[in-house]
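Below are the chains, spelled out letter by letter.
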Amino acid sequence: MRTVTRLAGFAVGLAAVFGATYGIGRVVDRAPVVEGRHDGAAAHATDERGGTADRLPGGLLVSERGYTLEPVDAPPGEFAFRIAGPDGRPITRYEVAHDKLMHLIVARRDLSGFRHVHPELAPDGTWRVDTPLTGPGQWRAFADFAPTGGEPLTLGVDVTVPGELTERPLPAPATSTTVDGYTVTLTGAPQPGRTSSLTVTVSRDGQPVADLEPYLGAYGHLVALRRGDLAYLHVHPDGTPGDGRTRPGPAVTFLAEVPSAGSYRLYLDFQHGGRVHTAEFTVVAGAAPTGDVPTPSGPAPTGEADHGTPGHGHN
Ligand SMILES: [Cu+2]
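Note that the coordinates shown come from a computational prediction; the quantities given were computed from them, not determined experimentally.

**Student:** I keep staring at the sheet that holds strand β9 (residues 153-161) and nothing clicks. Help me out?
**Tutor:** A sheet is described by the order of its strands in space; here four strands give the open sequence β5-β4-β8-β9, paired in antiparallel fashion. Whereas interior strands pair on both sides, the edge strands pair on one side only; in this sheet they are β5 (115-117) and β9. Put simply, the sheet's adjacent strands are angled 20° from each other on average, direction ignored. As defined by bridge partners, strand β4 (residues 102-108) adjoins β5 across three bridges and the pair is classed as antiparallel. Across the sheet, residue isoleucine 105 finds its bridge partner in β5, namely histidine 116.

Here is the structure:
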C-alpha cells in the first residue's frame, strides 16, 4: 500500500526534475485555467470542424466551461475525484459515452504508466476506483465524460505520487510493438491539421487475429498524448462492430487529427480472449514528410468520424 498525495499544482522538487524537459508554462495548470475559462474564443468558441488551430486539445485544463476536476482524499490504494459543475456542486448525472459514464485515463508526465479505467459513481458525485497510479511520479489524470445537459469534455489534473522517481525516456518511434504475446503493427502517420488514417494490425504467434472482441463499443480504443504537455486526443475508430463493414480484426483503422507537429504516444486498448491489452507506440507527426501528398485516408472523413461521436469529448 502506498500513500498517494494529491496535488493540483506542481511540486517544487518535481519541477526541478521535469523543468528541463517540459516547459514550465505547460506543466503549471493554473495559468491556462484562467485563460480557458475566460477566453471562450480560444478554448471552445466554435463547433465548426476543421478549426483545430483555434480550439484547444482536450485535457490541458483542469477547469473548462464551468466544470472542474477535483481530486478528493481517498484511502490508500484508491483514487477518487469529482466534477464540480457551474454551481460548484459535484455533478451526479452523466451520459453514457463509449459504453461508460466516465473514462479515467492516467499517464506519467514522461508518458509511461498509461492506464485507462472506469470509476464507480457514488450518489454524492464522487468517483472512486482502485488507483491506477502504479508508482511514483508526476501523473496526469484525465476525466473524459459528458455531463447530462452539457457538452463532452476532457479535464486534466496533475497528481503526484511520492517516491523515488526515475524518468523514463520516450521510446523511439516504431511501427511494431508487442504486448501480452500479441504483435501490433501500425501503418499511417499523423499529419498536423488534417485527418490521418492510422491502422493497427494485430497478430499472435504469426497468425492474424481476426476475432477481436468489442471493447467500449469498438474493436479498439485509441488515445494519443502529446509529448511536452500531454494534450489528450481521443481518436475514434473508423467503423463500429455490427455496422456491416467493420471486421473484428486483424486490422482496425482510426481517424486521427493531431493539433501540431511533434511526438505523440499512442495507447491502443483492444480486447481479445476476454482480456484488454494495451499496445503503445511513439509516433512523430509532421516530421520529414515524404513530399506534400495527402495521407492515405484523404480528406473525405474530416470532421465527423474523428470528432463527431456524440457524447465523447475529443475537442
Ligand atoms: Cu474508458
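On we go from here.
**Student:** Can you help me understand the sheet that holds strand β6 (residues 120-121) in this one?
**Tutor:** What holds strands together in a sheet is hydrogen bonding between their backbones, with the strands either parallel or antiparallel. Overall, antiparallel pairing links the five strands, which are arranged β1-β2-β3-β7-β6 in an open sheet. Each edge of the open sheet is held by one strand with a lone partner, namely β1 (63-64) and β6. Where strand β3 (residues 78-84) lies against strand β7 (residues 126-130), five bridges are found, and the strand directions are antiparallel. Of the residues in β7, the one forming a bridge with alanine 80 is arginine 128.

**Student:** What is the right way to look at the pattern of salt bridges in this model?
**Tutor:** For side chains bearing opposite charge, pairing can occur when the charged atoms are close. One pass over the structure, following the stated rule, counts 11 salt bridges. Linking arginine 65 and glutamate 64 is a salt bridge whose minimum nitrogen-to-oxygen distance equals 3.8 Å. Among the salt bridges present, the one from arginine 226 reaches aspartate 229, with a minimum N-O distance of 2.7 Å. Through salt bridges with shared partners, one network takes in Glu64, Arg65 and Glu151.

**Student:** What exactly am I supposed to notice about the environment of arginine 204 here?
**Tutor:** If you trace the backbone, arginine 204 turns up in strand β12 (residues 196-204). Residue class for arginine 204 comes out partly exposed when judged on its relative accessible area of 36%. Separated by 22 residues in sequence, arginine 204 and tyrosine 182 have C-alpha atoms that sit 4.7 Å apart. Residue contacts for arginine 204: discarding those within four places in its chain leaves Gly181, Tyr182, Val209 and His272.

**Student:** For this particular structure, what's the right way to read the coordination of the copper ion?
**Tutor:** Octahedral six-donor coordination of a metal ideally yields angles of 90 or 180 degrees, compared with 109.5 degrees for tetrahedral four-donor coordination. Summarising the metal site, the copper ion is bound by the protein donors His103 (ND1), His116 (NE2) and His118 (NE2), whose distances to it range over 1.7 to 2.1 Å. Among the residues examined, histidine 103 registers a relative accessible area of 0% and is labelled buried.

**Student:** Please explain unusual backbone geometry as it appears in this structure.
**Tutor:** A negative phi angle is the norm for most residues apart from glycine, just as the trans form is the norm for most peptide bonds. Cis rather than trans, the peptide bond between glycine 249 and proline 250 has omega equal to 0°. Mapped onto the secondary structure, proline 250 falls in the loop between β15 (232-237) and β16 (251-256). Non-glycine residue arginine 65 carries a positive phi angle of around 55°. You can see arginine 65 is positioned in the loop between β1 and β2 (67-72). The buried category is assigned to arginine 65, whose relative accessible area is 19%.

Rules used in this analysis
Residues numbered from 1 in each chain as written. Predicted model: local features only at pLDDT ≥ 70, side-chain atom pairs only at ≥ 80, totals over all residues. Heavy atoms only, no water. Pairing = 2+ DSSP bridges. Helix = DSSP H or I, 4+ residues; strand = E, 2+ residues; numbered from the N terminus. Axes fitted to C-alpha atoms, helices over the stretch in contact; angles between N-to-C directions. Salt bridge = Lys/Arg side-chain N within 4 Å of Asp/Glu carboxyl O. Buried < 20%, exposed > 50% of the residue type's maximum accessible area, 1.4 Å probe, protein only. Contact = heavy atoms within 4.5 Å. Donors = N, O, S within 2.8 Å, 3.2 Å for Na, K, Ca; no water.

None of this, on its own, says anything about what the molecule does.
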